[in-house]
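# Structural description and commentary
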Amino acid sequence: MPAASLDQLVSLCKRRGFIFPGSDIYGGLANTWDYGPLGVELKNRVKKHWWDTFVRKRPDMVGQDAAILMNPKVWEASGHVSNFNDPLVDCKNCKQRFRGDKLLEEKLGVEAAAVLKLDQVEPMLTAEKIPCPSCKKVAWTPAKKFNLMFKTQQGVIEGEGSDIYLRPETAQGIFVNFRNIVDTMRMRLPFGVAQIGKAFRNEITPGNFTFRTREFEQMEIEYFVEPGTEAEHFEQWKDAVWQWFLGFGIDKDRLRVREHGKDELSHYSNRTIDIEYLFPWGWGELFGLANRGDFDLSQHEKFSGQDMKFTDPDDATKKFLPHVVEPSFGCDRSVLTFLLEAYNEETLPNGETRVVMKFDHRLAPYDLAILPLSKKEHLIAKAETLYKKIIQETDLVCDFDVTGSIGKRYRRQDEIGTPRAITVDFGTLGEDEKQGEKDTVTIRDRDTLKQERLSIGALMEKLRK
Ligand code: GAP
């Protein structure tokens with residue numbers, strides 16, 4: 001069973017060093033979160049496996065890492081300056097601000113809310129008697145367009161700098177480099193460019209832990225194809241992404257595909273599907289796949305004056321703007337989903353309950369833990385020698401834990417999802433000669449709780465596989 005409530009997970013994340021509230025010692029900054037020592041290992045592993053799957057193991061893919069700050073013209077060309085808006089409503093009673101479409105979505109469903117025009121939002125909120133989530137009164141202002149981009153200034157003299165934006169999506173960094181990549185990497189269609197990086201949106205109603213924040217990380221691909229072939233590539237990407245999530249242990253019954261209605265589409269898209277996950281508060285977008293056509297390349301061609309066309313390497317007379325299929329992953333939402341799915345509470349045969357994070361082994365922050373049975377000096381020295389041998393001879397990430405009783409340490413390793421715990425005891429030291437256990441250790445499996453005694457040689461062979 002995954003976590004039944006978000007509170008269970010938030011508490012474990014703080015208690016065990018996965019995710020802390022941002023700026024904690026100053027009372028926090030609303031809806032900001034910091035990845036702690038285990039959270040960053042988990043997140044880095046998600047990014048690594050994503051990059052391996054979609055970039056390194058595909059001959060049709062390359063990667064890049066563009067700057068967050070871009071020429072402001074990029075956002076005029078991309079349509080974000082005029083179109084990247086949410087409908088903002090104010091509660092006249094308590095002055096709190098909300099996203100009108102989200103309030104309606106909860107009552108009417110996403111499809112019904114998405115088709116409403118800006119001037120229909122307030123009348124519909126009033127007709128449906130939807131109260132302010134804060135003060136419970138129904139007293140809404142007409143909805144206003146609220147642009148989600150964060151604006152800042154570039155330049156050292158206050159007031160004299162030029163306005164620039166923090167990027168609201170990583171995608172545009174790829175479109176502006178399209179020519180550079182085609183020219184330097186000799187790409188042939190279809191090909192894709194991948195990027196992982198931060199994006200910023202001044203969300204009106206962030207919340208649900210790391211699900212909706214103002215600063216978040218995306219893992220995006222822009223896949224360039226010959227016009228007319230986007231439908232087949234769209235299906236291929238949908239299947240590849242679905243399989244990627246299943247491959248890392250997400251239960252398929254908690255995933256679904258949702259097609260966007262025509263009126264719901266972003267300004268750049270002519271078809272979008274979301275892969276949604278059943279979060280503790282209901283279905284929510286985990287991933288989006290869009291057919292962006294040639295919207296972005298043609299806009300950048302227009303605004304920059306540069307030729308963005310692709311020349312067929314076999315026929316130089318064939319020049320055209322490729323179309324784009326865009327698989328866009330939320331990195332933080334993927335991490336949140338893996339955390340929720342991993343969370344399990346189990347009753348042990350002795351009646352005790354344990355919390356265990358059953359991460360896919362490839363994602364767990366630590367691959368294994370070395371636990372000396374007690375704090376006796378020579379036992380710790382033996383365990384340290386084994387620890388050093390493992391980290392020097394393998395690529396495994398290894399924890400070394402001497403604090404507390406062995407039972408408590410097992411509980412901790414379960415709660416942080418370490419797949420294997422290795423105990424070094426007096427048998428390992430040869431102080432239990434009659435059992436012939438010198439230079440053997442026990443290895444405990446996180447999920448089955450089975451313990452196996454094996455020689456250090458056999459252990460090393462197992463770990464090297
Ligand atoms: N380039 C296309 C694009 O940005 P999007 O659906 O707006 O599309 C893609 O965002 C993904 O980024 C989403 O599926 C979601 O996982 C993640 N995402 C978007 N806004 C977010 C936010 N405020 N906080 C955390 N993740 C977010």
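Residues numbered from 1 in each chain as written. Predicted model: local features only at pLDDT ≥ 70, side-chain atom pairs only at ≥ 80, totals over all residues. Heavy atoms only, no water.

## Examining the sheet that holds strand E5 (residues 97–99)
Counted only if it meets this: When DSSP finds two or more bridges between a pair of strands, those strands are recorded as paired. Numbering of helices and strands starts at the N terminus; helices are DSSP runs of H or I of at least 4 residues and strands are runs of E of at least 2. To get an axis, a line is fitted to the C-alpha atoms, and for a helix only the part in contact is used. The angle between two axes follows their N-to-C directions and goes from 0 to 180 degrees. Any pair of residues with heavy atoms lying within 4.5 Å of one another is described as a contacting pair.
The strand order across the open sheet formed by three strands is E5-E4-E6, and the pairing between neighbours is antiparallel. A strand with exactly one partner marks an edge of an open sheet, and here the two such strands are E5 and strand E6 (144–147). Strand-to-strand twist across the sheet, computed as the mean angle between neighbouring axes with direction ignored, equals 50°. Strands strand E4 (85–90) and E5 of the sheet are contacted by helix H5 (residues 100–108), whose axis makes an angle of about 60° with E5. The strands touched by helix H7 (residues 118–127) are E4 and E6; relative to E4, the strand with the most contacts, the crossing angle is about 35°.

## Structural notes on the pairing of strand E17 (residues 343–347)
Sheet analysis places E17 next to strand E18 (residues 353–357), joined by five bridges and oriented antiparallel. Looking at the pairing, Glu345 lines up with Val355 of E18. A loop of five residues connects E17 with E18, the two strands running antiparallel in sequence, and Gly351 in this loop sits at a positive phi of about 90°.

## Comments concerning the packing of H5 against H7
Here is the rule: Throughout this description, any angle smaller than 35 degrees is read as roughly parallel, any larger than 145 degrees as roughly antiparallel, any in the 65 to 115 degree range as roughly perpendicular, and the remainder as oblique. In this scheme the handedness of a crossing depends on how the near helix is turned from the far one: anticlockwise by less than a right angle means left-handed, clockwise means right-handed. Here the term charged refers only to Asp, Glu, Lys and Arg, the term nonpolar to Ala, Val, Leu, Ile, Met, Phe, Trp, Tyr, Cys and Pro, and the term polar to all other amino acids, Gly among them.
Relative orientation of the contacting elements H5 and H7 amounts to 45°, with a least axis distance of 10 Å. Between H5 and H7, the crossing angle belongs to the class labelled oblique. For the pair H5 and H7, the crossing hand works out as left-handed. Between H5, through Gly100, Leu103, Leu104 and Leu108, and H7, the contact on the second element is made entirely by Val121, Met124 and Leu125. Here the residues of the contact of H5 with H7 sort into six nonpolar, one polar and no charged.

## Things to note about the state of the cysteines
Selection criterion: Two cysteine sulfurs form a disulfide in these notes if their separation is within 2.5 Å. Each residue is assigned to one of three classes by its accessible area relative to the maximum for its type, calculated with a 1.4 Å probe on protein chains only: buried under 20%, partly exposed between the two thresholds, exposed over 50%.
Counting across every chain of the model gives zero disulfides. With no disulfide of its own, Cys13 has Cys331 as its nearest cysteine by sulfur position, at a separation of 14 Å. Take Cys13: its relative accessible area is 0%, and that puts it in the buried class. Here Cys132 is not cross-linked by a disulfide; its sulfur's nearest cysteine counterpart is in Cys94, at 3.7 Å.

## Things to note about the packing of helix H2 (residues 37–56) against helix H12 (residues 331–342)
Two elements in contact, H2 and H12, have axes whose closest approach is 10 Å; the angle formed by their N-to-C orientations is 115°. By the angle class used here, H2 and H12 are roughly perpendicular. The chirality of how H2 crosses H12 is right-handed. Here Leu42, Lys43, Val46 and Lys47 of H2 come into contact with H12, specifically with Cys331, Asp332, Ser334, Val335, Phe338 and Leu339. For the contact of H2 with H12, the per-class residue count stands at six nonpolar, one polar and three charged.

## With respect to the pattern of salt bridges
What counts, and what does not: Each reported salt bridge corresponds to a side-chain nitrogen of Lys or Arg within 4 Å of a carboxyl oxygen of Asp or Glu.
Tallied over the full model, the rule gives 56 salt bridges. For Lys48, the salt bridge identified is with Asp52, shortest N-O distance 2.6 Å. Note that Lys48 and Asp52 are positioned in helix H2 at a spacing of four residues, about one turn of the helix. You can call Lys48 partly exposed: its relative accessible area is 45%. With a closest N to O distance of 3.3 Å, Asp86 and Arg99 form a salt bridge. A residue pair is termed long-range when its members are at least 10 positions apart, and Asp86 in strand E4 and Arg99 in strand E5 qualify at 13 residues. Considered together, Asp86 and Arg99 belong to a single accessibility category, that of buried residues. Through salt bridges with shared partners, a single network forms among Glu346, Glu352, Arg354, Lys358, Arg411, Asp414 and Arg444.

## Considerations on the sheet that holds strand E9 (residues 191–200)
Judged by pairing direction, the sheet is mixed, and its seven strands sit side by side in the order E3-E9-E10-E16-E13-E12-E11 without closing on themselves. At either end of the open sheet lies a strand with only one pairing partner, and these are strand E3 (61–63) and strand E11 (255–259). In this sheet, neighbouring strand axes are inclined to one another by 25° on average, regardless of whether the strands run parallel or antiparallel.

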